[in-house]
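Below, each chain spelled out in residue letters.
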Amino acid sequence: MPNRPSLTTMGGMHPDYDHLQQAAKDHLCMHFTRHSTYENSDVPVIVRGEGAYIWDAQGKRYLDGLAGLFVSQLGHGRAELADAAAKQARELAFMPLWSYAHPTAIELAERVAHYAPGDLNRVFFTTGGGEAVESAWKLAKQFFKMTGKPTKHKVISRAIAYHGTPQGALSITGLPGMKAPFEPLVPSTFRVPNTNFYRSEETSYLGPHDEHAFGQWAANRIAEAIEFEGPETVAAVFLEPVQNSGGCFPPPPGYFQRVREICDEYDVLLVSDEVICAFGRLGHMFGAERYGYQPDIITCAKGLTSGYSPLGAMIASDRLMEPFLTGHESFAHGYTFGGHPVSTAVAMANLDIFENEKVNEHVRATEGAFRATLEKLNDLPIVGDVRGDGYFYGIELVKDKATKETFDEAESEKLLRGFLSKALFDEGLYCRADDRGDPVVQLAPPLICDQEHFDEIEQILRVVLDKAYSLL
Ligand SMILES: Cc1ncc(COP(=O)(O)O)c(C=O)c1O
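What counts and how
- As a convention, each chain's residues are numbered from 1 in the sequence order in which they are written.
- In view of the model being predicted, local features appear only for residues whose pLDDT reaches at least 70, and side-chain atom pairs are presented and counted only at 80 or more, with totals across whole chains, interfaces and linings using the full set of residues.
- Side-chain figures throughout are based on the complete set of non-hydrogen atoms in the structure, without hydrogens or water.
- Here a cavity denotes a set of grid points, spaced 1 Å apart and computed over the protein atoms alone, in which a 1.4 Å probe fits but from which it cannot get out, and a pocket denotes an open set meeting protein on both sides within 12 Å along at least five of seven lines; residues with an atom within 4 Å of a point are reported as lining.
- Grid points are joined across faces, edges and corners, and a volume is the space filled by probe spheres set on the points.
- Only DSSP runs of H or I covering at least 4 residues are called helices, and only runs of E covering at least 2 are called strands; the numbering of each starts at the N terminus.
- Under the convention adopted here, Pro, Cys and the residues Ala, Val, Leu, Ile, Met, Phe, Trp and Tyr are nonpolar, Asp, Glu, Lys and Arg are charged, and Gly plus all remaining residues are polar.
- In this analysis, the expected span of each helix is defined as 1.5 Å times one less than the number of residues it contains.
- Using a 1.4 Å probe on the protein chains alone, a residue whose accessible area is under 20% of its type maximum counts as buried, one over 50% counts as exposed, and one in between counts as partly exposed.
- Every residue pair with non-hydrogen atoms within 4.5 Å of one another is taken to be in contact.
- Only C-alpha atoms enter the line fits that serve as axes; for helices the fit covers just the stretch in contact. Angles between N-to-C directions range over 0 to 180 degrees.
- Here the word oblique covers every angle except those under 35 degrees (roughly parallel), over 145 (roughly antiparallel) and from 65 to 115 (roughly perpendicular).
- With the far helix as reference, a near helix turned anticlockwise by less than a right angle produces a left-handed crossing, and one turned clockwise produces a right-handed crossing.
- One speaks of a salt bridge when a side-chain nitrogen belonging to Lys or Arg is within 4 Å of a carboxyl oxygen belonging to Asp or Glu.
- Between 30 and 60 degrees the pair is tilted, below 30 it is stacked and above 60 it is edge-to-face, where a pair is any two Phe, Tyr or Trp rings, Trp via its six-membered ring, whose centres lie within 6.5 Å.

**Considerations on the layout of surface pockets**
Part 1 of the argument: Of the pockets and cavities examined, the second largest pocket occupies roughly 700 Å³.
Part 2 of the argument: Along its surface, the second largest pocket is lined by 26 residues, and L97, R122, V123, F124 and F125 are the ones closest to its centre.
Part 3 of the argument: Counting only elements with at least two residues in the lining of the second largest pocket, the list comes to α4 (103–115) and β4 (120–126).
Part 4 of the argument: When the residues that make up the lining of the second largest pocket are grouped by side-chain class, the tally is 17 nonpolar, six polar and three charged.

**A look at helix α16 (residues 451–471)**
Part 1 of the argument: Compared with an ideal rise of 1.5 Å per residue, which puts 21 residues at 30 Å, α16 spans 30 Å between its outermost C-alpha atoms and is within 8% of the ideal.
Part 2 of the argument: H453, F454, E456, I457, E458, I460, L461, V464, L465 and A468 are the residues of α16 that are buried.

**Focus: unusual backbone geometry**
Part 1 of the argument: Of the consecutive residues E183 and P184, the connecting peptide bond is found in the cis state with omega at 0 degrees.
Part 2 of the argument: Phi at F70 is positive, roughly 60 degrees, even though this residue is not glycine.
Part 3 of the argument: Tracing the backbone through its elements, the reader meets F70 in helix α2 (residues 67–70).
Part 4 of the argument: Taking relative accessible area as the criterion, F70 reaches 3% and is therefore assigned buried.

**Side note on the environment of L397**
Part 1 of the argument: Mapped onto the elements of the fold, L397 is located in strand β12 (residues 392–397).
Part 2 of the argument: Exposure remark for L397: the relative accessible area of 0% places this residue in the buried category.
Part 3 of the argument: A sequence separation of 44 residues divides L397 from V441, and the C-alpha atoms of the two residues are 7.8 Å apart.
Part 4 of the argument: In this structure, L397 is in contact with I382, G384, T406, F407, L420, P439, V441 and L465, ignoring residues within four places of it in sequence.

**Considering the packing of α4 against helix α13 (residues 341–356)**
Each pair of packed helices can be described by the angle between their axes along with the distance between the axes.
Part 1 of the argument: The interhelical angle for the contact between α4 and α13, taken along N-to-C directions, is 40 degrees, at an axis separation of 9 Å. With respect to each other, α4 and α13 are oriented oblique. For α4 against α13, the interelement crossing comes out left-handed. Each of T104, A105, E107, L108, R111 and Y115 in α4 lies in contact with α13, whose residues at this interface are P341, T344, A345, A347, M348, L351, D352 and E355.
Part 2 of the argument: In terms of residue class, the contact of α4 with α13 is built from eight nonpolar, two polar and four charged.

**Thoughts on the pattern of salt bridges**
Pairing between side chains becomes possible if they bear opposite charge and their charged atoms approach one another.
Part 1 of the argument: Here the structure, examined in full by the defined rule, presents 30 salt bridges.
Part 2 of the argument: Of the charged contacts in the structure, one is a salt bridge between K87 and E91, with a shortest N-O distance of 3.9 Å. Of this pair, K87 and E91 both sit in helix α3 (residues 79–91), four residues apart, which is roughly one turn of that helix. Grouping residues by exposure puts K87 and E91 together as exposed.
Part 3 of the argument: Among the ionic pairs, D264 bridges to R260, the shortest N-O distance being 2.8 Å. Here D264 pairs with R260, and both are found in helix α10 (residues 255–266), just four residues apart, close to one helical turn.
Part 4 of the argument: For R260, a relative accessible area of 15% corresponds to the buried category.

**Quick look at the packing of aromatic side chains**
Part 1 of the argument: Counted according to the given criterion, the structure contains 16 aromatic pairs.
Part 2 of the argument: Judged by centre distance (5.7 Å) and plane angle (50 degrees), the rings of F197 and F214 are tilted. Of the two residues, F197 is situated in the loop between β6 (189–192) and α8 (200–204) and F214 in helix α9 (residues 211–229); the sequence distance between them amounts to 17 residues.
Part 3 of the argument: Residue classification places F197 among the partly exposed residues on the basis of a relative accessible area of 30%.
Part 4 of the argument: Measuring from centroid to centroid gives 5.4 Å for F370 and Y393, while their planes differ by 85 degrees, and the two rings are edge-to-face.

Below, the structure is given as structure tokens:
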């Protein structure tokens, strides 16, 4: 790869490297991680970041192809965001939003309500995405209890969709393997098909069809589920604008418009789970804006602060908040650190940069080039499908391009877990190989990336995917 800059341009070995390794192995409980992976190899320790790059404790550089975890919209090392955090911590480090308020939470609520579509004017802050999902379900249940429909409590969501780890959000999640160790979970959630058009013939039984027809079919499965469960029992439908888990499923044209009609018909709330899709990932503040639909609630987190401090939010419509605004009523729910002053101050600074540097406009102007660069990989025999929107893509890997045959469990184990993630990292690309649905490589780089970064991603993927195919 002649054009790729040196991987070791910054720093050297961390002075405390050996101790960090031992302490990580002895004491750190890592998230969603097989600890046995590190019995005979080092834990990758990332020590610093700048722009679209991160460096490990041995001084090696990587392109951050996943924005951390769909988080670092503005990239790393932005002094303005660090300064905003320090200034706020000095001025007022903590105050909860329990009957009291602080200025940056108020200002941020006003700003987010202003960006949010339609009458989504009320912002409930959390510390992350799972809590936002949890909050949305609780608001939906309490709202219907207060407005004369107390039996409406069930939730419908899509197969393979991830909505977080708290037990309510995990119940809404459509990944049986992730839920099994924690059953019984909160009851009353039900799955409908997702919008995986690449494999739609296998699920929709429609024969040859177009994307629009597939979208209508998939949306109508929601109506069917509501009818099946009883409309008087269903409170909400949780959908991501582009579903992440399974490998980036954008909505077929007309899908969300049909979902909206169904929700209106049955008085079921449409919750747009935008924990990944909001704040520029799709070139707009919210994914609902990109696809032209009006949710009743948006849940968001991650990019709201570009990761410089943790924060999530649930944004509810005027209709949903109305019963809570008079008399003795209150939304019986809260988090000590929800809307933490440092996080809300950082979010304000983050959104200032979004506006000043026209980040959404940049994504919209360059997303076509990102897509075109990734689509070059279609000439590899292992690449079945390249799909996504904005700066959010999944590359589905197949054993046989013509038949779309996928890998069995043993091949997935060998290829994805045994080879791919590590090989990509070794080549200097931090991203994820995921097989919660069919095997995909997930890409969601910082929104500041340009053609040079797209090329670097493509070049590394080309080398590693070629090698992966030869190992089959
Ligand atoms: C769509 C969606 N909802 C909820 C969550 C959970 O967010 P968190 O990990 O901040 O709790 C995620 C996390 O990736 C997500 O992608």
